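Survey of secondary and tertiary structure
Residue-level listing of the chains:
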Amino acid sequence: MNRQLLAAAIAAHFSILCFSARAETGDTPLDDVVVTATRNAITVDDALSSVSVLTRDDIERLQATSIADLLRGLPGVSLANNGGAGKQTALFLRGTESDHTLVLIDGIKIGSATAGGAALQDLPIEQIERIEVVRGPRSSLYGSEAIGGVIQIFTRRAARPLETNFSVGIGSHDTRNASAGVGLKNDVAWLNANVAYADTDGINSCRGRPSPGGAGCFTFEPDRDPYRNESVSLRGGVALGEHIEVDGNFLRANGHNFYDGSFVNESKNREEAASAGMRFQATDSLSLHLSGGSSTDLSDNYEAGAFVSKFDTRRNQASLQADLTVSAAHRLSAGIDQQNDKVTSDTPYDESARRDTGIFGEYLGRFGAHDLQLSARSDENQQFGQHSTGSIGWGYTFSPALRVNASYGSAFKAPTFNELYYPGFGNANLEPESSRSVELGLRGRAEGLRWSTQAYQTVVSDLIAYDADIFAPGNVDRAQIRGIEASVGTDWREWTFDTSVTAMQPKNDSGGFNDGKILPRRARESGRVDVDRRYGPWRIGVTAFAEGKRYDDLANTRRLGGYSTVDLRFEYALSADWNLQARVANAFDHNYETASFYNQDGRNYFLTLRYRPTH
């Protein structure tokens with residue numbers, strides 16, 4: 001079934017291309033403005049990197065219940081989940097490691113400085129206005145972690161003088177959620193406040209078995225594993241005269257998670273991001289942006305209700321960026337970032353704090369039909385010293401229907417505190433992981449059609465993995481990842497079509513025992529098709545998703561079969577502002593795993609009542 005569905009995704013991809021080319025409509029969607037690709041506001045069409053943008057309208061149309069639910073099937077995205085809602089979720093962007101993707105919330109880096117990576121499973125979907133996914137290396141702008149790319153999440157913000165929202169939902173496994181928010185906006189100021197709550201009894205996260213067999217989680221707990229999340233977000237800003245604007249952002253999400261584990265089986269987590277900034281338009285051509293903030297990742301762990309350990313990390317950040325518009329076709333940017341990481345834990349670390357200072361510069365230029373982007377950065381870190389990265393991107397516009405892009409970039413990833421200093425496991429002599437990437441792409445818009453395709457290669461050196469010779473992590477591996485991605489979408493009359501396919505070869509290239517093996521938990525091929533149709537007050541839609549096989553270990557001995565799912569969704573407009581939504585996920589009740597031994601949900605249902613004014 002999964003191969004048939006994957007083939008159908010590829011066929012649909014090209015059939016939409018042909019169908020849309022014949023569509024008699026001149027309605028081209030407005031250009032989406034993105035800021036993540038260059039640290040400045042540009043349109044998606046002007047970006048020289050591969051970018052996906054998901055808006056609040058997309059989230060509600062697709063009836064996504066989590067960030068993973070929303071992102072799966074995007075070009076280059078592969079996900080692994082340890083047993084359902086709220087359980088650890090790893091995102092592999094373009095085949096790189098799960099901690100090789102930098103995640104930002106409203107411009108603030110988030111993620112655990114001990115374990116590495118961001119807790120995507122704890123970030124509530126109802127707090128999100130927009131997500132930008134930038135594929136390819138971005139260390140030359142953002143520093144460590146941006147090997148596979150950058151994902152930036154923006155919290156909700158009002159677009160009208162008074163904007164309110166409300167939702168309440170129920171679903172399978174005694175799932176309940178609710179959200180509410182209000183936004184105010186006038187000519188000089190704006191303010192948003194939102195709260196959200198989600199609670200589910202969950203599924204049995206791991207199919208472990210009794211001793212002596214053991215399996216996956218090395219325990220046997222055949223019970224349901226609940227999850228609860230409570231969150232609040234605030235965003236506001238004010239213009240102080242004609243030249244100065246100040247703003248602030250705050251998001252806190254508290255998660256309470258039960259799972260199957262031999263040493264701990266319960267955790268209470270808090271994800272937090274807060275920032276404040278000031279923009280100063282010094283002259284018509286020169287602007288300055290000063291910002292500061294912090295992100296917090298707190299985790300208290302329990303076994304059968306008894307406290308076991310805590311791992312709390314905080315990242316304090318500050319940035320100053322200057323943008324100089326030389327002319328309408330040429331812009332320069334330069335800046336300095338500082339990040340201080342601090343660990344607070346009852347586990348003793350040899351070092352519990354470090355500082356990183358980065359200096360960067362960027363040039364954006366246009367020469368007729370040619371576009372050029374140059375960027376370079378130097379980071380100085382207490383653990384690994386100085387590290388330099390750079391990138392160059394070029395684009396040529398033949399017409400609005402056809403544009404070619406090519407780029408080269410380098411990136412790096414600093415070791416985590418666990419890899420460096422965890423007692424009995426860390427290796428303080430680790431070096432940063434580094435990468436070199438090249439990419440060639442084509443894209444365009446015509447007659448209501450939007451399409452893109454990219455081919456890329458990334459070589460990652462000094463990958464950190466367990467070194468049996470020293471019984472600790474070491475820089476022992478090298479990986480070569482080659483891939484091709486394509487996406488096509490169109491809005492035609494009452495129809496919305498979106499489809500994407502990815503094929504890649506994430507290969508171990510270390511020359512050792514596992515040379516030539518596929519990197520764990522990455523699917524080599526995937527495809528997704530979304531189709532929606534309006535019928536007066538009704539809207540119906542379907543999402544078909546398929547992934548090929550993957551392996552759960554470096555030696556490729558634990559094979560996870562390919563799979564496919566089909567989600568159905570229905571929506572009825574009770575009025576201009578009230579909608580009733582229903583969703584059937586995994587409608588054919590397929591049994592599959594994305595991480596060995598960890599269960600995924602079968603057929604499940606969800607019903608939502610949503611209020612969101614349209615004017």
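Summary of the structure given here. If you're wondering where the values come from, they're calculated on a predicted model, not measured in any experiment.

**Digging into the nonpolar core**
- Within the largest apolar cluster, 27 residues are counted, with the highest numbers of intra-cluster contacts made by Leu70, Leu71, Leu91, Ile131 and Ile153.
- Those residues within four positions of leucine 71 in sequence are excluded, and the remaining contacts are Leu54, Val77, Leu91, Ile131, Val133 and Ile151.

**Quick look at the sheet that holds strand E8 (residues 128–135)**
- Reading across from one edge, E3-E8-E9-E6-E7 is the order of the five strands in this open sheet, with mixed pairing throughout. A single partner strand is all that each edge strand has here, and the edge strands are strand E3 (50–55) and strand E7 (108–109).
- Where strand E6 (residues 101–105) lies against E7, two bridges are found, and the strand directions are antiparallel. Of the residues in E7, the one forming a bridge with isoleucine 105 is isoleucine 108.

**Notes on the environment of serine 66**
- With respect to the helices and strands, the residue serine 66 is situated in the loop between helix H2 (56–62) and helix H3 (67–71).
- Considering only alpha carbons, one finds serine 66 and lysine 549, 483 residues apart in sequence, at a separation of 23 Å.

**Comments concerning the packing of aromatic side chains**
- With the rule as written, the count across this model stands at 12 aromatic pairs.
- Taking 4.7 Å as the distance between ring centres and 75° as the angle between the ring planes, the aromatic pair formed by tyrosine 396 and phenylalanine 398 counts as edge-to-face.
- Its relative accessible area of 25% is what places tyrosine 396 among the partly exposed residues.
- On the accessibility criterion, phenylalanine 398 (54% relative accessible area) is exposed.
- Between tryptophan 538 and tyrosine 572 the ring centres are 4.8 Å apart and the planes differ by 50°, which places this aromatic pair in the tilted class. Here tryptophan 538, found in strand E28 (residues 538–547), pairs with tyrosine 572, found in strand E31 (residues 563–573); they are 34 residues apart in sequence, far enough to count as distant.
- According to the relative accessible area criterion, tryptophan 538 is partly exposed, its value standing at 45%.
- Every member of this aromatic cluster is reached through a ring pair, and the members are Phe166, Trp578 and Tyr611.
- Between arginine 157 and the ring centre of tryptophan 190, over which it is positioned, the NZ or CZ distance is 3.6 Å.

**What about the environment of glutamine 581?**
- You can see glutamine 581 is positioned in strand E32 (residues 578–585).
- Given a relative accessible area of 3%, glutamine 581 falls into the buried group.
- Each C-alpha atom, one on glutamine 581 and one on alanine 455, is 38 Å from the other, the two residues being 126 residues apart in sequence.
- Ignoring any residue separated from it by four or fewer positions in sequence, one finds glutamine 581 in contact with Glu60, Gln63, Phe570, Glu571, Phe606, Leu607, Thr608 and Arg610.
- Separated by 3.4 Å, the side chains of glutamine 581 and arginine 610 make a polar contact.

About the cut-offs
- Residues numbered from 1 in each chain as written.
- Predicted model: local features only at pLDDT ≥ 70, side-chain atom pairs only at ≥ 80, totals over all residues.
- Heavy atoms only, no water.
- Core = buried A, V, L, I, M, F, W, Y, C linked by side-chain atoms within 4.5 Å.
- Buried < 20%, exposed > 50% of the residue type's maximum accessible area, 1.4 Å probe, protein only.
- Contact = heavy atoms within 4.5 Å.
- Pairing = 2+ DSSP bridges.
- Helix = DSSP H or I, 4+ residues; strand = E, 2+ residues; numbered from the N terminus.
- Phe/Tyr/Trp six-rings, centres within 6.5 Å; stacked < 30°, edge-to-face > 60°.
- Lys NZ or Arg CZ within 6 Å of the ring centre and 35° of its normal.
- Polar contact = N/O pair within 3.5 Å; in protein donor to acceptor, adjacent residues only side chain to side chain.

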